[in-house]
Amino acid sequence: MARVLRLTPGQQRIEAHDVDKGVDCEHKKVTDDGGDTLLHLSTFGSKNRESHRKSSQSLQFDAGIAAELVDILRDTFGDDALQLNLQPRLDVAFPAGGTTADVRSLAHLYRKNPEVFRALISSDDTAADVVALANRRKQVETFSRLMTDDDYFDAVRKTNFPNQGCEAVWQDFFERNPWIFGVSLSGQLLTSWSPDKLEQVVAGHSIASVGKRTDALLRTSGRIQSMVFAEIKTHRKELLEPVREPYRSGCWAPSFELSGGVVQIQGTVHRAVTQIGERLNDTAADGSDIPGKFTYLLRPRSYLVIGNLASLYGESGGENQDKVRSFELYRRELVQPEVVTFDELLARAEWTIESAMTDSEADSR
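Computed from a predicted model, the values in this text were never measured in an experiment. In this numbering scheme, every chain counts its residues from 1 along its sequence in written order. Since the coordinates come from a predicted model, pLDDT governs what is reported: local features require at least 70, and pairs of side-chain atoms require 80 or more to be given and counted, while whole-chain, interface and lining totals use all residues. To get the side-chain values, all heavy atoms of the structure are used, and hydrogens and water are removed first.

Undergrad: Before we go on, may I ask you to explain the pattern of salt bridges in this structure?
TA: Two side chains of opposite charge can pair, provided their charged atoms sit close to one another. Whenever a carboxyl oxygen of Asp or Glu lies within 4 Å of a side-chain nitrogen of Lys or Arg, that contact is scored as a salt bridge. Scanning the model with the defined rule gives twelve salt bridges in all. Here Asp-172 ties to Arg-176 by a salt bridge, and the two come within 3.1 Å at their closest N and O atoms. Note that Asp-172 and Arg-176 are positioned in helix α6 (residues 167-176) at a spacing of four residues, about one turn of the helix. Glu-338 serves as the salt-bridge partner of Arg-301, at 2.8 Å between the closest nitrogen and oxygen. Of the two residues, Arg-301 is situated in strand β11 (residues 289-305) and Glu-338 in strand β12 (residues 338-340); the sequence distance between them amounts to 37 residues. Here the residues in one salt-bridge network are Glu-328, Arg-331, Arg-332 and Glu-344, joined through shared partners. A helix here means a DSSP run of H or I that spans at least four residues, while a strand means a run of E at least two residues long, and both kinds are numbered starting from the N terminus.

As structure tokens, then:
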């Protein structure tokens, strides 16, 4: 009989034993003089022996050796071997007195057993919120990179939309992240008109029934819902006419893209209101009306997302006050649409995510 002090790889040439000469092994929990728990294993002579049944060999393991033995069993039979019927190994070490795990170990563990992590997170509302926020934070980082890294933006367009213009990159991004419009465009919460697609045809063969399309069709949330339109250009569009001299002293004219975008969405809204009327009855999947469920078009709000305020800076990198004044006065005198630049949309999204992350961290304390 012996107490095992360490486990090391063997160097002997060993072959599998004959099953007919197998022995029984009994296990029992015992306690040593210091109060530590031990696992005691005793083997008994094979049934082919003529003598009466008696213990022939015994081994004892403390918790440390037992843990090593479990790892050896996993390595021998495979961590996911069905015959072991063991839970996936959580081999993540936490420093003594600390709560920060080895990120590489966590990543390795997730790759081997992602379903375990998903099950844990799905049962923890707080964790689920953190994961959702982390994903949105990543999307905001992508938003920022598309805005600031020209090479990255061009690579995305060339790879994903080789036969389309730059607007396709932004249309795709906002289709995948409609929440950015929902929290960033308005004081009211805006949701996508369709759960499938932001971009919708709103006149002609449209949501109501000569094919006028809007880049993002939204509506306000609440007991009374109103339709909201958005037109998406690109961050590279000029806000003011790209000329060296102002239209008049201190006055810079809005760019062709800006004024054209304004007229475009005004025409879209006008056609939709003319065709649909003041309100539109929501319909079920089978095309039938949903009783009492309406969306109103009473002077619907509209947005034009275009350009970057950085285009109002001068050659030295400072703000050109005449350009800032000209742009701000122009857009603030517009009744509809509201003009929002891409950098403003990004700033609102960043603030929303950072605020939510701060609140989440405070709740977890």
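Structure's up, so let's keep going.
Undergrad: For this particular structure, what's the right way to read the sheet that holds strand β4 (residues 55-61)?
TA: In a beta sheet, neighbouring strands pair by backbone hydrogen bonds and run either parallel or antiparallel. Pairing is mixed across the open sheet formed by four strands, whose spatial order is β1-β4-β3-β2. Among the strands making up the open sheet, the edge pair consists of β1 (2-3) and β2 (24-31). Strand pairing is assigned whenever DSSP detects at least two bridges linking the two strands.

Undergrad: Honestly, the side chain of His-235 in this entry has me stumped. Any pointers?
TA: Turning to its location among the elements, His-235 is positioned in the loop between β9 (225-232) and α8 (256-276). A distance of 3.5 Å separates the side chain of His-235 from the backbone oxygen of Leu-146, its partner in a polar contact. Any pair of N or O atoms that falls within 3.5 Å is considered a polar contact. Within protein, one atom must be able to donate a hydrogen and the other to accept it, and sequence-neighbouring residues count only if both atoms are side-chain atoms. At 3.1 Å, the side chain of His-235 and the side chain of Trp-170 are in polar contact. Here a residue-residue contact requires only that any non-hydrogen atoms of the pair lie within 4.5 Å. Setting aside anything within four residues of it in sequence, one finds His-235 in contact with Leu-146, Met-147, Phe-153, Trp-170, Gly-307, Asn-308 and Phe-342.

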